[in-house]
Amino acid sequence: MAKTNALGLSIADYKGAPTTLCQGCGHNSIISQIISAVFEENLPPEAVVKFSGIGCSSKAPTYMLGRSFGFNGLHGRMPSLATGALFGDLSLIGIGMSGDGDSAAIGMGQFKHIIRRNMPLVYIVANNGVYGLTKGQFSPTSDRGLKLKKQGVNPFEPVDVCMEALASNATFVARTFAGDPKQVKTLIKAAMHHNGIAILDIISPCVSFNNQPSSTQSYEWGKQHEVLLHEMQFHPDAKEIQLHGEMKPGEVREVTMHDGSVLVLKQVERDYDPTDRFAAIRALEEAKEKHILLTGLLHIDTERPSLTELYELPDDTPFNRMPQDRLRPAPESIQTINDLMF
Amino acid sequence: MAKQTQPASQNGAVVNDFSITVSTINGTGSQTSNLTITRAIFKMGIPVQGKNIFPSNIQGMPTWYTIRISKEGFLARREEHEIVIAMNPATIKDDIEDVMPGGVLFYADHLKLPIQRDDITMYPMPVKKLARQSGAPTKLRDYVANMVYVGVLAEIIGIDMDKIHAALDFHFKGKEGPINLNYGLIETAAQWAKENLEKKDPYRLEPMDATKGYIMADGNTAAALGALYGGVQFVGWYPITPASSLVETMNQYIPKLRKDPKTGKNTVVSVQAEDELAAVGMTIGAGWAGLRSMTSTSGAGISLMGEFLGLAYYAEVPIVVWDVQRGAPSTGLPTRVMQGDITQVAFISQGDTDAIMLIPKDAQEAFEFGWRAFDYAERLQTPVFVMSDLDIGQNQWMVKPFEYPTEPMDRGKILWEEDLEQWEKEGKAWGRYLDVDGDGVPYRTVIGNKHPKAAYFTRGTGHDEFARYSEDPEVWTRVLKRIKKKFENAREMLPKPEIGTMEGASFGIISFGSNDPAIQEARHYLKEEKGIATDYLRLRAYPFSQEVKDFIASHDKLYVVEMNRDGQMRQLLQLDVPDMADKLFSVAKGDGLPLTARWIMNTILEMEEE
């Protein structure tokens, strides 16, 4: 008997089409963690909407949550599609699946502006530092000095997705590693409860074109250099918080999301306050200097209103189910309007 | 009508049939003065139309406003200027030369006149002096100075002062301060003219009763209102001349017209995007999610939106796109008019695509297509373009009042949970792209539908009837053929052309959009002055209906009149009727200015002689 969640659904209800990504691709691991997160959160698959742009990352939504609506759009323009679509029914949770080529190149503008608007969306950048689908060109996040077959040596500084997000005042910024599935899943869960944009920069190795141990986006490098900002537990219901033995009060921080769920952060090396944006920027700079893969929740701001809140739409019915008599002005109004003309 | 180029002195009074051109510097508030003149004349019951010929600039460049006054109701632009009001030192020479013989020049008396003319009447206006005496604060003085010409003109040609007051009251929304300041100066200027100028010209106005039952509105406002009556729910937009005021106006009317009767909350989401790529992306997202969704732009924006529009075409997402056309290619003439985006939109994307176009002729039709466009978009599950232009969008049009939508909303084929259950019971298969009814339009579901089989995956890549990824050549061909069927079926669904016939017509004229007044007037001259009868078909939509083919078939020769260089609409028509293509002749000009009746007539006459 397959394990079921509180809705009586099994994990099979959350699966998508079989993946066509390469065996060992980091993206497959992300897909699994998204599936588990939604399953464990007891969300019906219909409550999630998937969006993506173009690239290997953006193929991923096909391979998960087959019972969720999905829209695979254009290169770099997942954010605008998601923004418009999610207004259709504000009770739904959007998961945007993008990559470094998708978000940090043509999509940089939309990446920045969806952040600026604080649109509620779990925005995943599956970051492998290479163009996979077009067979191995440099991406905007490729390491400087990266050597690739046919391409030569990359002379340019990489774009740091988290730094760009912080610069744009993102309200949820995390970096994690596809080789650390537990952390990926915890952050996805927290992101789904965030009332605003949640940027997840997931280092997700490309086994075909950029997995050589010297690359900072490889499995080996990640495993050897990952340093945790904190250990994390996510509790959808604050009442359920039970600190495990290794998490003692005083060494933990609790981040309460707007819906009352709680992300518990246990300090590892130091007491890190993710509400401090300066600290996040400093942490990223230090990680770069120390040549480490610093993972965890870099920054969170639960106070800023989200884009959808600003519009104060009627909340008694989903916007896309609103009947004609609530959308078309009454007949008598036409006289008033004509009178307003000259 | 031929009398227009003769010296006025031989004719006596010219009443309610002349044009006024006001030459000013942009950014000095002259628009208020010009609108006040136009509206006051309208309120006198005289058919009138104002057109703003302005620069792409905020302040300091020459700008012209032409006011056509026509007792017969011909309101197209004319090339002759009986009255010129000169306020700009930079253009004074040209402005003097532009006055037709027998005409009138009003000029600010601080301008040096580089040339003199003895065949026109010249009235000086003490603009600076009267503005100084008006008591207006120094910083407002340049603005109110433009009211001087309103007053002097009013006295000389006879604009009713009460109507001027009504126009100001409307413009300043009843705010007494600015109304009194401006009106005071107009009165002073009129009084000054009465005491100091002797009327020597023949032009004057007399009240009529020809504007009763009409309103004055610009097409962008009309489009915005039409969309609000059409139940628009989502607008993604980005500022661009001359489309910006469409959504700006809509935003102003949302609280007035779109408060939800149940909750009192607004039911329109309007997002200013970071660019046109995002504007149309949001719009497509919302349309996909089942919202009535639109964007508004001009040709340059359409170019940027092209890739996304191709996706919406192939993924079959209903949206409405307003194209308020301006001078193009490239940045082109951003503040001038053109019908230059016709072929661009018709073949909007890479690969085989088609676009549905609605083509309004004025503000009233802009309102009607404003709401109808959503019905077509949702019925056909495809982008629908409304091809307006700068002349329609930004100028004031004398039109019949807006009419409340005559039909309930057509939300098209959407299935909700209970529908899917019903289909299951009946053993009917649902696939997002399955042509169940044989009309090429499949049934769609939208997000939030909780039926476990409701979801599907939308993609711009090859897909089959069940929205599954496919590279199968047969599937690909089948799906694209089925999409074509929607386009073919649209021919008879869209607004039908308007046809005007005359007994014994020598040839047919086909045109569209804002050319209509000039065509009507040209046909009048052709008949009255040359004895040539014509038939006229005004296109209102693309793809063309059977009536268009029949019209072409029933004439030996047809002139397709349009505002661009290449005769773009003629090209589309020729593609549609290749066997009759040689019957279609192009009368096309795209110089940034609205076509005039005289130009249309003369061009056709020249071609008739060839």
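Everything below is about the structure shown above.
What counts, and at which threshold
In every chain, residue numbers begin from 1 and rise along the written sequence. All chains are assigned letters beginning at A, and all ligands numbers beginning at 1, according to the order in which they are written. With the structure being a predicted model, the display of local features is reserved for residues of pLDDT at least 70 and the display and counting of side-chain atom pairs for 80 or more, all residues being used for whole-chain, interface and lining totals. Counting from the N terminus, the helices are DSSP H or I runs at least four residues long and the strands are E runs at least two residues long. Residues are called buried when their C-beta atom has 20 or more other C-beta atoms within 10 Å, exposed when it has 12 or fewer, and partly exposed otherwise; all C-beta atoms are positioned from the backbone. Here contacts are defined at the residue level, using C-beta atoms placed from the backbone and a cut-off of 7 Å between them. Two strands form a pair only when DSSP identifies at least two bridges running between them. Interaxial angles span 0 to 180 degrees and are taken between N-to-C directions of axes, which are lines fitted to C-alpha atoms, for helices over the stretch in contact. Each helix should span, by expectation, one fewer than its residue count multiplied by 1.5 Å.

K.L.:
Could you clarify how one ought to interpret the overall build of chain A in this entry?
P.N.:
A tally of helices and strands in chain A yields 11 helices and 15 strands. For chain A, the spread of C-alpha atoms along the three principal axes comes to 70 × 50 × 50 Å. The buried share of chain A, taken over its 342 residues, is 53%. Sequence separation of at least 24 residues holds for 70% of the intrachain contacts in chain A that already meet a minimum separation of 6.

K.L.:
Is there a simple way to think about the sheet that holds strand β4 (residues 121-127) of chain A in this case?
P.N.:
If you trace the nine strands from one edge of the open sheet to the other, you get β11(A)-β15(A)-β9(A)-β10(A)-β4(A)-β3(A)-β1(A)-β2(A)-β17(B), paired in mixed fashion. Since the sheet does not close on itself, it has two edges, and those belong to β11 (226-228) of chain A together with β17 (457-459) of chain B, each with one partner. Adjacent strand axes in the sheet meet at a mean angle of 20°, parallel and antiparallel pairs treated alike. In the sheet, strand β1 (residues 48-52) of chain A pairs with strand β3 (residues 93-99) of chain A via five bridges, with the strands oriented parallel. Along β3(A), the bridge assignment pairs A:V48 with A:I93. Packing against the sheet, helix α9 (residues 277-290) of chain A makes contact with β9 (172-177) and β15 (293-300) of chain A, and its axis sits at approximately 170° to β15(A).

K.L.:
Could you clarify how one ought to interpret the sheet that holds strand β14 (residues 262-267) of chain A in this entry?
P.N.:
All names here are of chain A. The strand order β12-β14-β13 describes an open sheet built from three strands, whose pairing is antiparallel. Every other strand in the sheet has two partners, leaving β12 (230-235) and β13 (252-256) as the edge strands with one partner each. When the angles between neighbouring strand axes are averaged without regard to direction, this sheet yields 20°. Pairing of β13 with β14 involves five bridges; the strand directions are antiparallel. Paired with E254 across the strands is V264, a residue of β14. Lying over the sheet, helix α7 (residues 181-192) contacts β12 and β14, oriented at roughly 50° with respect to β12.

K.L.:
Would you mind going over the environment of B:G290 with me for this structure?
P.N.:
Tracing the backbone through its elements, the reader meets B:G290 in the loop between α9 (276-288) and β12 (293-297). Taking C-alpha positions, B:G290 is 5.7 Å from B:V446, a pair spaced 156 residues apart along the chain. Residues within four places of B:G290 in sequence aside, it is in contact with A:G88, A:N320, B:I414 and B:V446.

K.L.:
I would appreciate a short explanation of helix α19 (residues 597-609) of chain B in the present structure.
P.N.:
Every α-helix winds through 3.6 residues per turn, so residues three or four apart in the chain are directed the same way. Residue and element names in this part refer to chain B. The terminal C-alpha atoms of α19 lie 18 Å apart, and with 13 residues this matches the ideal 18 Å at 1.5 Å per residue to within 8%. Along α19, the residues classified as buried are A597, W599, I600, M601 and I604. Residues of α19 that are buried in the fold lie against α16 (516-530), β22 (558-562) and β23 (584-588).

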